[in-house]
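Fold and contact review
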There are 2 protein chains.
Amino acid sequence: MAQQERAIRTRRAVIEAAASVFAERGYAAATMAEILQQAGVTKGALYFHFESKEVLAQAVINAQVDTELWMPRELKLQEWVDVGMTLAHRIPDDVILLAGIRLSADMQGRSRFGSAWPAWIGLVTGLLAQAKERGEVLPHVDPVETAECFLGAWVGTQLVSETESRWSDLGRRISVLYNHVLPAVATPAALVRLDTAPDRGARVLAELQEAAADRELVAVQA
Amino acid sequence: MAQQERAIRTRRAVIEAAASVFAERGYAAATMAEILQQAGVTKGALYFHFESKEVLAQAVINAQVDTELWMPRELKLQEWVDVGMTLAHRIPDDVILLAGIRLSADMQGRSRFGSAWPAWIGLVTGLLAQAKERGEVLPHVDPVETAECFLGAWVGTQLVSETESRWSDLGRRISVLYNHVLPAVATPAALVRLDTAPDRGARVLAELQEAAADRELVAVQA
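Definitions and limits used
- Residues numbered from 1 in each chain as written.
- Chains lettered and ligands numbered in written order.
- Predicted model: local features only at pLDDT ≥ 70, side-chain atom pairs only at ≥ 80, totals over all residues.
- Heavy atoms only, no water.
- Least-squares fit on C-alpha atoms with pLDDT ≥ 70 in both.
- Contact = heavy atoms within 4.5 Å.
- Domains from an automatic or database assignment.
- Buried area = accessible area lost by both parts, 1.4 Å probe.
- Salt bridge = Lys/Arg side-chain N within 4 Å of Asp/Glu carboxyl O.
- Polar contact = N/O pair within 3.5 Å; in protein donor to acceptor, adjacent residues only side chain to side chain.
- Helix = DSSP H or I, 4+ residues; strand = E, 2+ residues; numbered from the N terminus.
- Nonpolar A, V, L, I, M, F, W, Y, C, P; charged D, E, K, R; others polar.
- Phe/Tyr/Trp six-rings, centres within 6.5 Å; stacked < 30°, edge-to-face > 60°.
- Buried < 20%, exposed > 50% of the residue type's maximum accessible area, 1.4 Å probe, protein only.
- Lys NZ or Arg CZ within 6 Å of the ring centre and 35° of its normal.
- UniProt positions renumbered as here; feature names shortened; annotations may be inferred.

This part covers the relation of the copies chain A and chain B. When chain A is fitted to chain B, the best match, at an RMSD of 0.0 Å, comes from turning it 180° and sliding it 0.0 Å along the axis. Taken together, the rotation and translation describe the operation of a two-fold axis. Taken as a fraction of all interface residues of chain A, those also at the interface in chain B reach 100%, which identifies the copy contact as same-surface.

Following this line, the structure appears as structure tokens:
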């Protein structure tokens, strides 16, 4: 294994270990010793990548926005739906997302570590701008405004779902949210072609896993 | 002043004092002594109405949903808009709303004191059901589903606005939210008649204050 690749793996292992400790115990109660034990790396390796617990918390928050959340689709609006629906599906089992939610849950955390909000707004703004160029979006729609509005709606829906069902109804709630927002955004022609069913996130993730498995097979055969 | 009226005033004074202490210091740091001092009532009066800090916190949360948030309008959907827009306008200065937000801000608080969420969902469901009976709403709309969806969106929009601007942009954000949700809910004929401008909340509150002043004048003259 090349040195660079090893460094990337160590970094990833530490971020995942930190996320798991933050998600379970919160930032204040988490210790570097606990993260070290969970990560199974040397103390030197940990501090080489992350000089403090605070830097680690920021790394966990930045790791939330994974760009491999969707497949290219004919409609860019479908990609926007897929981003939100796969995210909803992943939350209950994804320790990095859970840690990010906990770290950014209060004002103190958000002002100290930041949040993934700007990254999500940027990602959705980009998809909506592309959708607009292709004529999928109603003419008066402002991609930034819609992306900011959707972020707020998404954050609250996640919070309510956490409270009411520990996220087990999040897929349904996000599906309902898209159904309530899309008529203000999509042209009628695009609207009727969009799939916003509650199980959309699970289906897209299965597709992504299959595509990743295919890529690995190709890599092994090459 | 009749005894019953005095009891109502004392109760209200204590709830407002408690709200102000909870909003500023949070539930854990607030003490009954501080609330007592702020309320300017006797210890006996306070404990007659509220046996513990926890009961007080629940009373503050229940006091959030004030039914005098809107005036009757020709369109029931406009009343729904007015409820959300006046709430957005009141938050930065209303100590009961601020305390409620702080008390219900985390999972621990919500499971201990409850939240105003069920009351808001009930209120909006009722308005949407009336709007539906009058033909203002698209046929496939389910009032409960839309009310729950809107609650989640509202909660998150409030949270993002608190973080980004300490609520100074909440009126604009809630206006944008209604513009994004109403096309999925209102018939085209109702939609074009709705006022969702960012200053709608301020104008409705001014109207409500004027109406209240008129009622007092009538009461004095009677």
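All right, on to the domain arrangement of chain A then. Residues and elements named next belong to chain A. Domain assignment breaks chain A into domain 1 (3-62) and domain 2 (76-221). For domain 1 versus domain 2, the distance between C-alpha centres works out to 26 Å. Contacts between the two partners involve 16 residues from domain 1 and, on the opposite side, 13 residues from domain 2. When domain 1 packs against domain 2, the two sides together hide about 1200 Å² of surface, and 71% of this comes from carbon and sulfur. Among the residues domain 1 hides against domain 2, the three largest losses belong to Ala-23, Tyr-27 and Ile-61. Together they make up 43% of the total. With a closest N to O distance of 3.2 Å, Arg-112 and Glu-54 form a salt bridge. Seen at the junction of domain 1 and domain 2, the total is three residue pairs in polar contact (both at pLDDT 80 or more). Counting only elements with at least two residues in the side of domain 1 that touches domain 2, the list comes to α1 (3-29) and α4 (53-62). A total of 11 residues in the side of domain 1 that touches domain 2 trace back to one element, the largest contributor, which is α1. Taken together, the residues of the side of domain 1 that touches domain 2 sort by class into eight nonpolar, three polar and five charged.

Residue and element names in this part refer to chain A. Scanning all chains against the criterion turns up 10 aromatic pairs over all chains. Centre to centre, the rings of Trp-80 and Phe-150 are 5.0 Å apart; their planes meet at 70°, and the pair counts as edge-to-face. With Trp-80 in helix α5 (residues 76-90) and Phe-150 in helix α9 (residues 143-165), the pair connects residues that are 70 residues apart, well separated along the chain. For the ring pair Trp-80 and Tyr-178, a centre distance of 5.3 Å and an interplane angle of 80° mean the geometry is edge-to-face. In this pair, Trp-80 sits in helix α5 while Tyr-178 sits in helix α10 (residues 170-181), placing the two residues 98 residues apart along the sequence. Accessibility assignment for this pair places Trp-80 and Tyr-178 in one class, buried. Linked through ring pairs, Phe-22, Tyr-27 and Phe-113 together constitute an aromatic cluster. Geometry around Tyr-27 places Lys-53 over its ring, the cationic atom sitting 4.5 Å from the centre.

Moving on to the UniProt feature "DNA-binding region" (unreviewed entry) in chain A. As recorded in UniProt, the sites labelled "DNA-binding region" (unreviewed entry) are residues 31-50 of chain A. A helix fraction of 75% and a strand fraction of 0% characterise residues 31-50 of chain A, whose end C-alpha atoms lie 13 Å from each other.

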